[in-house]
Amino acid sequence: MAEIISGKVLAARIKAQAAQQAAKLREKGISVRLAVIIVGENPASKAYVRGKAKDCAECGILSDVLELPQSITESELLGKIEQLNQDDRVHGILVQLPLPPQIREQSVINAILPQKDVDGFTDINTGRLISGEECFLPCTPAGCIEMLKSTGMQIAGKDAVVIGRSNIVGKPAALMLCAENATVTLCHSHTENLKEKCAAADILIAAVGKAGFVTGDMIKPGAVVIDVGINRTADGTLCGDVVFDEAEPKASYITPVPGGVGLMTRAMLMMNTVRAARNQAQGRGDGEKR
Ligand code: NDP
């Protein structure tokens, strides 16, 4: 039977650290501040943004939510970002995705100053991640790595399989595992023999977005399984990509959904925001040494 890696416990610990660091900065007269831009009325996006504002409040971080209309033009949105870039009171800027079709997402993301890019999505931060330089790590894969490390396992030398190659989860997760000296296989919808690849993995990260995708026969005995997926079943229940009941008896460690990676993503955002404020206070324009 696998041990459960509790996102609840780990995220609470990380948020407590963020709160402590935010308090230290406050003593120096710096009030850590995150600006979150949301465009339109997408209910899921609104819920995510509410969650972020709540996390900020818990950590003693100020948050401004800018609610902009669905009809906004790209240049108007870029103008808002420029204002936030210029505002020294704002340490972190986050644009909630997705954006409406008239707006090019990556152009908007890239308008955020790299030192305020607490999501770690700008091309500059991605490039730094690839070349092993200081950067802001994207929150979800960073949370996955924290969860792996919390088990005390040695990542170096292990065979890791990541399923999913999105820019926000799969690709950076693969890069971070590589930086931890794992041997990484990055799988996607064109991958052949996916089941066999997964079944040989010491570390399996599932970021597909399909309920029931990872079945018990895809788990190597003793593997550590990190389930990034957030899906809803027909009856509305929240679940991951992994069939938990099948994977849990075979894995050594496994993350639950809910109560797993999602909470870590939120906690890592708080950490990145505090770090951004600290770096800006020190006059540094970068994120964190990996
Ligand atoms: P995307 O839809 O951007 O990417 C999904 C990936 O899965 C793609 O690379 C796709 O391959 C791959 N894929 C789809 N079908 C298959 C298949 N049959 N076999 C192998 N690979 C397949 O999703 P995201 O990365 O944004 O999110 C993934 C999941 O993680 C979602 O459930 C999302 O809700 C969740 N999520 C959770 C977060 C959290 O905090 N816990 C944060 C962000 C996302 P291809 O590239 O070839 O199309």
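The present account deals with the structure reproduced in this document. (Residues numbered from 1 in each chain as written. Predicted model: local features only at pLDDT ≥ 70, side-chain atom pairs only at ≥ 80, totals over all residues. Heavy atoms only, no water.)

## Points about the site of the ligand
Working step 1: In the region of the ligand, 22 residues are neighbours, and Arg165, Ser166, Ser189, Lys210 and Thr265 sit closest.
Working step 2: Take Ser166: an N or O atom from its side chain is 2.5 Å from an oxygen atom of the ligand.
Working step 3: Here Gly262 contributes a backbone N or O atom positioned 3.5 Å from a nitrogen atom of the ligand.
Working step 4: When isolated, the ligand has an accessible area of 920 Å², and the protein chains bury 70% of it. (Near = heavy atom within 4 Å. Polar contact = N/O pair within 3.5 Å; in protein donor to acceptor, adjacent residues only side chain to side chain. Areas by Shrake-Rupley, 256 points an atom, 1.4 Å probe, with all protein chains shown as cover.)

## Some points on the sheet that holds strand β2 (residues 33-39)
Working step 1: Strand order across the open sheet formed by three strands is β3-β2-β4, with parallel pairing between neighbours. Each edge of the open sheet is held by one strand with a lone partner, namely β3 (62-68) and β4 (92-95). The average undirected angle you get between the axes of adjacent strands in this sheet is 15 degrees.
Working step 2: By the bridge criterion, four bridges tie β2 to β4 in an arrangement that is parallel. Each bridged residue has a counterpart across the sheet, and for Ala35 the counterpart in β4 is Ile93.
Working step 3: Lying on the sheet, helix α3 (residues 74-86) is in contact with β2, β3 and β4; it crosses β2 at an angle near 175 degrees. (Pairing = 2+ DSSP bridges. Helix = DSSP H or I, 4+ residues; strand = E, 2+ residues; numbered from the N terminus. Axes fitted to C-alpha atoms, helices over the stretch in contact; angles between N-to-C directions. Contact = heavy atoms within 4.5 Å.)

## A closer look at the sheet that holds strand β11 (residues 253-254)
Working step 1: Across the sheet, which stays open at both edges, the six strands sit in the order β1-β11-β8-β7-β5-β6 with parallel pairing between neighbours. Only two strands of the sheet have a single neighbouring strand rather than two, namely β1 (3-4) and β6 (183-187).
Working step 2: Relative to β6, strand β5 (residues 159-163) is paired through five bridges, and the arrangement is parallel. From the neighbouring strand, Val162 faces β6, where its bridge partner is Leu186.
Working step 3: Sheet strands in contact with helix α7 (residues 170-179) are β5, β6 and β7 (203-206), and its direction is about 170 degrees off that of β6.

## What to know about the pairing of strand β8 (residues 224-227)
Working note: regular strand, side chains alternate between the two faces of the sheet.
Working step 1: Neither face of β8 is exposed, since Val224 and Ile226 on one face and Val225 and Asp227 on the opposite face are all buried.
Working step 2: In terms of strand pairing, β7 meets β8 through four bridges, oriented parallel. In the strand pairing of β8, Leu204 is matched with Val225.
Working step 3: Alignment of β8 against β11, held across two bridges, turns out to be parallel. Across the sheet, the residue bridging to Val224 is Tyr253, located in β11. (Buried < 20%, exposed > 50% of the residue type's maximum accessible area, 1.4 Å probe, protein only.)

## With respect to the pattern of salt bridges
Working step 1: Under the counting rule described, the total for this entry stands at 11 salt bridges.
Working step 2: In this structure, Asp202 and Lys220 form a salt bridge, with 2.7 Å as the shortest nitrogen-oxygen distance. In this pair, Asp202 is assigned in the loop between α8 (194-199) and β7 and Lys220 in the loop between β7 and β8, connecting sequence segments 18 residues apart.
Working step 3: The class of Asp202 is buried, set by a relative accessible area of 17%. (Salt bridge = Lys/Arg side-chain N within 4 Å of Asp/Glu carboxyl O.)

## Considering the packing of helix α6 (residues 139-150) against helix α10 (residues 261-281)
Working step 1: Where α6 contacts α10, the two axes come as close as 8 Å, and the packing angle between them is 110 degrees. Relative to α10, the element α6 lies roughly perpendicular. Touching Cys139, Thr140, Ala142, Gly143, Cys144, Glu146 and Met147 of α6 are Val261, Met264, Thr265, Met268, Leu269 and Asn272, all from α10.
Working step 2: Grouping the amino acids of the contact of α6 with α10 by side-chain chemistry returns eight nonpolar, four polar and one charged. (Parallel < 35°, antiparallel > 145°, perpendicular 65-115°, else oblique. Nonpolar A, V, L, I, M, F, W, Y, C, P; charged D, E, K, R; others polar.)

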